[in-house]
Amino acid sequence: MYDYLIVGAGLFGAVFAYEAGRRGKTCLVIDKRDHIGGNVYTEEIEGIQVHKYGAHIFHTNSQTIWDYVNRFAEFNRYTNSPIANYKGEIYNLPFNMNTFNKLWGVASPKEARQKIEEQRLAAGITEPQNLEEQAISLVGTDIYEKLIKGYTEKQWGRSARELPSFIIKRLPVRFTYDNNYFNDRYQGIPVGGYRAIIEKMLAGADIELNVDFFAARDELMQRAKKVVYTGMIDQYYNYRYGVLEYRSLHFETKVLDESNFQGNAVVNYTDRETPYTRIIEHKHFEFGTQDKTVITEEYPKEWKPGDEPYYPINNEKNNEIYQKYKALADAERDVIFGGRLATYKYYDMHQVIGAALTAVEREFEEK
Ligand code: FDA
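The protein is annotated in an unreviewed UniProt entry as UDP-galactopyranose mutase of Paenibacillus faecis. Among the UniProt annotations of the protein, the heading Sequence similarities (unreviewed entry) holds the following wording: "Belongs to the UDP-galactopyranose/dTDP-fucopyranose mutase family." The UniProt entry for the protein carries the following comment under Cofactor (unreviewed entry): "FAD".

J.: Tell me about the environment of Val227, and name the residues and values.
T.: In this structure, Val227 sits in strand S10 (residues 224-229). On the basis of neighbour count, Val227 is assigned to the buried category, with 20 C-beta atoms found within 10 Å. When the C-alpha positions of Val227 and Phe337 are compared, they lie 8.5 Å apart, and in sequence the two are 110 residues distant. Setting aside anything within four residues of it in sequence, one finds Val227 in contact with Leu5, Val7, Met221, Asp334 and Val335.

J.: So what's going on with the sheet that holds strand S1 (residues 2-7)? Residues and values would help.
T.: Spatially, 5 strands are ordered S9-S2-S1-S10-S16 in an open sheet, and the strand pairing comes out parallel. Where the open sheet ends on each side, the last strands, each with one partner, are strand S9 (206-208) and strand S16 (335-337). In this sheet, adjacent strand axes meet at a mean angle of 20° when their direction is disregarded. In terms of strand pairing, strand S2 (residues 27-30) meets S9 through 3 bridges, oriented parallel. Following the sheet pairing, Val29 is matched in S9 by Ile207.

J.: Which residues make up the site of the ligand, and what values go with them?
T.: Inspection of the region around the ligand gives 34 residues, with Gly8, Gly10, Gly38, Gly54 and Gly339 positioned closest. Of all the elements in the fold, those that place two or more residues in the shell around the ligand are helix H1 (11-22), helix H11 (339-342) and helix H12 (349-363). Of the residues in the shell around the ligand, the class split is 17 nonpolar, 11 polar and 6 charged.

J.: Describe the pairing of S1, and please don't skip the residues or the numbers.
T.: Note that S1 and S10 share 5 bridges and pair parallel. When the bridges of S10 are listed, Val7 appears paired with Tyr229. Bridging between S1 and S2 involves 4 bridges; their strand directions are parallel. The residue of S2 that forms the bridge with Val7 is Ile30.

J.: Break down the domain arrangement of the protein for me, citing the residues and quoting the values.
T.: Considered domain by domain, the protein is made up of domain 1 (2-78 + 185-245 + 312-363) and domain 2 (96-167). Between domain 1 and domain 2, the C-alpha centre-to-centre distance is 36 Å.

J.: Could you give an account of helix H4 (residues 109-123), with specific residues and numbers?
T.: Along its 15 residues, H4 runs 21 Å from first to last C-alpha, staying within 8% of the 21 Å computed at 1.5 Å per residue. Directly beyond the C-terminal end of H4, a positive phi value near 60° is found at Gly124.

J.: Tell me about the UniProt feature "domain: UDP-galactopyranose mutase C-terminal" (unreviewed entry) in the protein, and please be specific about residues and values.
T.: In the numbering adopted here, UniProt assigns the feature "domain: UDP-galactopyranose mutase C-terminal" (unreviewed entry) to residues 146-346. This span, residues 146-346, is 23% helix and 23% strand, and a straight line between its end C-alpha atoms measures 27 Å.

J.: Describe the pairing of strand S11 (residues 246-256), and please don't skip the residues or the numbers.
T.: In regular strands, side chains alternate between the two faces of the sheet. The pairing of S11 with strand S15 (residues 311-312) spans 2 bridges and is classified as antiparallel. The residue of S15 that forms the bridge with Arg247 is Tyr311. Pairing of S11 with strand S14 (residues 293-302) involves 10 bridges; the strand directions are antiparallel. When the sheet's bridge partners are listed, Lys254 is paired in S14 with Ile295.

Conventions adopted
Residues numbered from 1 in each chain as written. Predicted model: local features only at pLDDT ≥ 70, side-chain atom pairs only at ≥ 80, totals over all residues. UniProt positions renumbered as here; feature names shortened; annotations may be inferred. Helix = DSSP H or I, 4+ residues; strand = E, 2+ residues; numbered from the N terminus. Buried ≥ 20, exposed ≤ 12 C-beta atoms within 10 Å, placed from the backbone. Contact = placed C-beta atoms within 7 Å. Pairing = 2+ DSSP bridges. Axes fitted to C-alpha atoms, helices over the stretch in contact; angles between N-to-C directions. Near = placed C-beta within 6 Å. Nonpolar A, V, L, I, M, F, W, Y, C, P; charged D, E, K, R; others polar. Domains from an automatic or database assignment. Expected span 1.5 Å × (residues − 1).

Dropping the structure here:
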C-alpha cells in the first residue's frame, strides 16, 4: 500500500511526490495522459523543445521558488518580449516607449503620457460599463483599437462591449524603452525543457500513465492511504452542484522547412480577422540554430465538457459553485486537493509550486 496516490503528474503532483519521497513516503502517480508534466510538458521535435500546451515561460520574484526550481534544471537567459502584429504593423509589448514611438512618433515619456491622456479625455468615459470602455479609459483609443480589441474579442469569443470591465483591472503600461514582459526578478526557460524537471521530481515515485482516476476510482483509492487530487474538482464530486466553466484552446503545430519564421518566440495577432491569437516559434525560447523550425498557432475555443480545460472563468456564478465544492473538499480527511483544476484557479508555474510546497508543509505539519 502506497502512502499517497497522486492523481495528476503536473507540477503540483510532481512537487508533492518529490517532497513526500524526501520524507520517506511512497507515492503512486497516475495521469490520464500518456506523458508526465501536465500542461508544462515539452516534447522534442526536430531537436526543438515544443511547448505542447501553450508557451511556458518561467518567472518569479521569489528567491525561494527560484532556488527550488534551479535544483531540477539549469535555466537559460530567455526574456519574454512578445510583439504584436496588427495587420502587418509590428509593435512591441508590453505597451512601452517603443510601442508609443511606433504608434505616434513620440520620443519622450512626457509626450507619450500626454497622448494617452488626450485620448482618455476625448473618450469622456468616467464610469466604464464594459471591457471596451475600461480599456479606453486606461490607455486611450489607439492602443485599444490596434492592440487590445481584436485580441481580446478572439480570446473570449465575444465583443469587447459585451465583456465585463473587471477582466482588465489594469493594463501594463511602461514609460521606459523596456520590452521585458515580466517585472519579476527571475525568468528563463529550463535547458532541456520542462519534461526534464518533472522527470527529476518524479524519479522516486511509481508512475502509471493512461490511467483515468474515474475509470477505476475505488480500486485506485484502495492502493494508498491518502490521495492528492489535482484533477477537476467538480468531476470529483460528480458535478453535483453543476459544471465549472472554462475557456479552451486549440493548437496547430507545424514543422517548417526554414530556419527562422518570425524572428521571435511569441507574436500576438491583434486584429480580429486572423483566427488565431498568437504564433509561438519554439526554437527562439532556447536560441535554437536548427535548420528547421516548429511553430504553433493558438486558437481560442469555447469549452464544453470533455474538452481540455485551460482558463477557469472566474465569474460570480462559477465562483459560487466552486465555493460549494470547496466546502466539501475542506471536510475531506484523506484527500488533498491542489493545483489549477482542483482549486479552479489560474496559477502560474511559480504559484503552483508555492501552493504545492504549502500543502506539503501542512501535510507534514512543518509550520
Ligand atoms: P496540470 O494541468 O499541469 O496537471 C494536472 C494533471 O492532472 C494533468 O496532467 C491531467 O492530465 C491530470 N488529470 C486530470 N484529471 C485526471 C484524472 N481524472 N485522472 C488522471 N489524471 C488526471 N505559467 C507560467 O508560469 N508561465 C507561462 O508562460 C504559462 N503559460 C501558460 C499558457 C497556457 C496556455 C496555460 C493554460 C497555462 C500557462 N501557465 C503558465 C500555467 C501553467 O500551465 C500551470 O501553472 C501549471 O501547469 C499548473 O500545474 P497543475 O499541476 O496544477 O496542473
